[in-house]
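Residue-level listing of the chains:
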Amino acid sequence: MPDRSAFLTLKRCLWPWRVVIASVPSLTILVLVVRGLGGLQGFELKMLDYFFQWRPLEARDQRITIVGVSEPDLRKYGHPINDDLLATVLEKSRQPNLGAIGLDIYRDLPVPLPYDPAIIGQRTNPDQPNPENQTGTTPDKSDPPNSVTPDITPDITPGYQRLSTVYRQNPNLIGITKVTGGTESVAPPPVLAELGQISANDIAPDIDDRQRRAFLYLKPDENSETYFGLGFKLAMLYLEQDGIVPRMSDNNRWVQIEDTTFYPIEVNSGSYVHNDAGGYQILMNYRGPRGSFDQVTMDQVLTDQVDRSLLHNRVVLIGVTAESIKDVVSTPFTRLSKGTDVARVPGVEVHAHITSQILSATLDGRHNIRMIPDWAEALIILGGATVGGILSWHWRYGSPFWRMMPHVLGVVSLGGIAYGCFLAGWWIPIVPPVMAQVGTAIVITAYVARTAADIRQTFSRYLTDEVVETLLETPNGLNMGGERRQITILTSDLRGFTGISERLPPEKVIGILNIYLEAMATAIVSYQGTIDEFMGDGILVLFGAPTQREDDPERAVACAIAMQKAMVDVNRQMADRNLPSLEMGIGIHTGEVVVGNIGSTQRTKYGVVGSQVNLTYRIEAYTVGGQILITDVTKNLLTIPIETDGQQQVSPKGVIEPILIHSVTGIGGKYNLRLASETEELHAIDPPITLDFAEIKGKDISPDRYPGQLIRLSEKHVDLVTERSLAILTNLQFRLTINGHDHETEFYAKVMKAGSPTDTSANTFRLRLTSIPINVRTYFATFYAADREPV
């Protein structure tokens, strides 16, 4: 048996340090969790920026020259730079021993001389991306650069022919394309694409829109070819002159050039958390701020004012540096001044940094910046927590000054070590160990207080008294995580509210929402539903979380009917305020989801996640105003009778097999609730109203339009005759020209059921009007006035 006296001696030695022993691993785990959730990523990236700024500036790389299109160049030669002028710049930049030329200017379209907007097409719009905006940033999504191709051919202008000839005469000339962004991608110059002399100038900005990563190569999708980044492509051309070519490492994971390995950034490399690691990305090692390379202007090249040595045996990058074109990005050297980034770097200079980094690492032995593995970071965080714990416990009875000074010295020491490692080519995270040190000190200081009042006061700075009581009584109640549970989900949404909100001032919109949500919340609470979220005019309600009951489905259906009945009082208040009436649709579904505390240690929300939530939203999308739709799953779980008004088989997005949904109008049992029946008489229209319509698929309106006629209508329904076959529950957009108006008016409807008239081979459909402008409603009212005979 172990010596008991030895055990007691060890206990006596460790007992005085029990708080340190308990707090150090606890704070280490806490910091690791916060860091793993991305809570520290922004701070760590900012510290990396400071390391760059504090590092001594490096000498200019004599292998690289930038030919910049400056503001004076734009004033003198116009914008965009025409093909003939660009060809001259390329010819004058070419030298017998030139390493490579990178054309960092989008040239997927010809730019003739004189500048002719009719030929340039959409690029003449000042709101569209300029051909010289080269950072690879996302253009305006409403009209991407390649969405319209002007009707031009290469022989439309001699300037284009000359530029094409220059392209073919320069085997070391590399053009650019933007390959990411889908429809927002930008095509390369056709001639250079034919010659295989293209590269991608896409960039990978971080969460704060600063450029710290570079692509060596990237592949937009599995079916696309691989594109080398512009900086990497130029470096390869330069190194090929010395017989140096890149290769993959023995494990086929890393790019190597000579003895230099370029380690890629993974999803969670270093301080990055959930990083988009598409392609092969490396951490950029900037030489300095803006102006780190030899640079000449386009005008100097055209007027032969350039020292030829600046182009001899060099990589020449041609791009826009004019501030007005806004082809600039933020880098670690960019400083924030009065809310605006200053000293931002032109995109062409960023690519110069990438080329310089590859060349200097390969030829000069300059460090790339590497990141330490996760286990090493965990040890550093543990070390920070240990330092904080020991210092706090040792000086716990000292004066405030002496309790604080050791920690200041500890933080400074950690920062000095991290900075020294950065100079040696390693990025060591400084924020997590400092946070662990400070956190441990706070924990130990709180323990020294040793009074429940002090502990409660500390908690009350972050939580309400009610939450504190809950936490103290059930310590596991606020733990992160969740559990699988079958619950009934209710979602509601106002029909046509977007159109209403666009026509009213914000103050009235908020007033409407407050009236509506107050009435709905009262109904929901009365049926013991949990309001998970208000999303504008939408509501997400849970029955079965956090407290699960056997009658969750019944209460959900009864609650939905009560909510619809409460809309009568809501609309009465709307009428009293001379506001438009509202209609609401409700969807209900029962399924297994994950419920619990979601978020981070800094902000937590009780919520629900799972595909069943998405399915409920899609069921609700099938509804019209005043309707309640429930799935067959929920209906089969009901133990009391309900009344329905038909059923329909649907195939929502994300569901493999079709599902059955029911339109509920009432529920029996102890609830005994029913919706008011709607009896509308449709009036014949003679002659019919001729109009056209398009189908709405998801959130998009189909470009295909079909003719049709409205032959009968009422306040909420119309009968449509059309040759087009329509699926039930399809949403339609109509365009109608009202007599006396010279423009079309739009309104919307949903297909409710189909019929077959006896006097025509066309299809007849009963539609529910879902969104109608006032002028259309007034026009339709003339057809079902009191003196009209119903059908």
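For the structure, see preceding data.
Residues numbered from 1 in each chain as written. Predicted model: local features only at pLDDT ≥ 70, side-chain atom pairs only at ≥ 80, totals over all residues. Heavy atoms only, no water.

## A short note on the nonpolar core
Then, in step 1: Core analysis: the biggest nonpolar cluster contains 67 residues, and Leu216, Leu317, Ile358 and Trp427 have the highest contact counts within it.
Then, in step 2: Looking at this core, the element that brings in the most residues is helix 9 (residues 230–240), giving eight residues.
Then, in step 3: Contact partners of Trp427, with chain neighbours within four places excluded, come to Glu44, Leu45, Leu48, Ser271, Tyr272, Leu283, Ile369, Arg370, Met371 and Ile372.
Then, in step 4: In this structure, Leu517, Ala519, Ala523 and Ala566 belong to the second largest nonpolar core, which totals 43 residues. (Core = buried A, V, L, I, M, F, W, Y, C linked by side-chain atoms within 4.5 Å. Buried < 20%, exposed > 50% of the residue type's maximum accessible area, 1.4 Å probe, protein only. Helix = DSSP H or I, 4+ residues; strand = E, 2+ residues; numbered from the N terminus. Contact = heavy atoms within 4.5 Å.)

## Side note on the pairing of strand 20 (residues 530–535)
Then, in step 1: Bridge count for strand 20 against strand 21 (residues 538–543) is five bridges, and the pairing is antiparallel. Pairing of Glu533 across the sheet is with Leu540, part of strand 21.
Then, in step 2: Where strand 20 folds back onto strand 21 in an antiparallel hairpin, the turn is made up of two residues, including Gly536, whose phi is positive at roughly 70°. (Pairing = 2+ DSSP bridges.)

## Concerning helix 20 (residues 611–621)
Because each turn of an α-helix spans 3.6 residues, side chains separated by three or four positions in sequence point in the same direction.
Then, in step 1: Turning to helix 20, its buried residues are Val613, Leu615, Thr616, Ile619 and Glu620. Along the axis of helix 20, the buried residues cluster in a sector spanning 160°; they form a single face. (Arc of directions from axis to C-beta.)

## Notes on the pattern of salt bridges
Then, in step 1: As enumerated under the stated definition, the model contains 38 salt bridges in all.
Then, in step 2: For Asp206, the salt bridge is made with Arg213, and the minimal N-O distance between the two is 2.8 Å.
Then, in step 3: A residue is classified by how much of its surface remains accessible, and Asp206, at 6% relative accessible area, is buried.
Then, in step 4: Classification of Arg213 by relative accessible area gives buried; the value is 5%.
Then, in step 5: Taken together, the salt bridges that share partners define one network made up of Arg55, Glu58, Asp61, Arg63, Arg287, Asp364 and Arg366. (Salt bridge = Lys/Arg side-chain N within 4 Å of Asp/Glu carboxyl O.)

## Quick notes on the sheet that holds strand 5 (residues 213–218)
Then, in step 1: Strands sit in the order 6-5-10 across an open sheet of three strands; the sheet is antiparallel. The sheet is open, and its two borders are formed by strand 6 (227–228) and strand 10 (280–283), each paired with just one other strand.
Then, in step 2: Relative to strand 10, strand 5 runs antiparallel, the two being bridged by four bridges. Bridge pairing links Tyr217 to Tyr280 in strand 10.

## Quick look at the environment of Asp202
Then, in step 1: Relative to the helices and strands, Asp202 resides in the loop between strand 4 (198–200) and strand 5.
Then, in step 2: C-alpha separation for the pair Asp202 and His351, spaced 149 residues apart in sequence, amounts to 10.0 Å.
Then, in step 3: Within the structure, Asp202 has its side chain in polar contact with the backbone nitrogen of Val179 (distance 3.1 Å).
Then, in step 4: In terms of polar contacts, Asp202 uses its side chain to reach the side chain of Thr180, at 2.5 Å. (Polar contact = N/O pair within 3.5 Å; in protein donor to acceptor, adjacent residues only side chain to side chain.)

## Side note on the side chain of Thr28
Then, in step 1: Relative to the elements of secondary structure, Thr28 occurs in helix 2 (residues 18–36).
Then, in step 2: Here the side chain of Thr28 touches Val24 through a polar contact of 2.8 Å, landing on its backbone oxygen.
Then, in step 3: For Thr28, the residues in contact, after removing those within four places along its chain, are Ala378, Ile381, Leu382 and Ala385.

## Thoughts on the packing of helix 18 (residues 506–526) against helix 19 (residues 552–576)
Then, in step 1: It is the contact of helix 18 with helix 19, at a shortest axis distance of 9 Å, that shows an interaxial angle of 150°. Regarding the angle of helix 18 to helix 19, the classification is roughly antiparallel. Once helix 18 is placed against helix 19, the crossing between them reads as right-handed. Here Ile512, Ile515, Tyr516, Ala519, Met520, Ala523 and Ile524 of helix 18 lie close against helix 19, whose contacting residues are Cys559, Ala562, Met563, Ala566, Met567, Val570, Gln573 and Met574. (Axes fitted to C-alpha atoms, helices over the stretch in contact; angles between N-to-C directions. Parallel < 35°, antiparallel > 145°, perpendicular 65-115°, else oblique. Left-handed = near helix turned anticlockwise from the far one by under 90°.)

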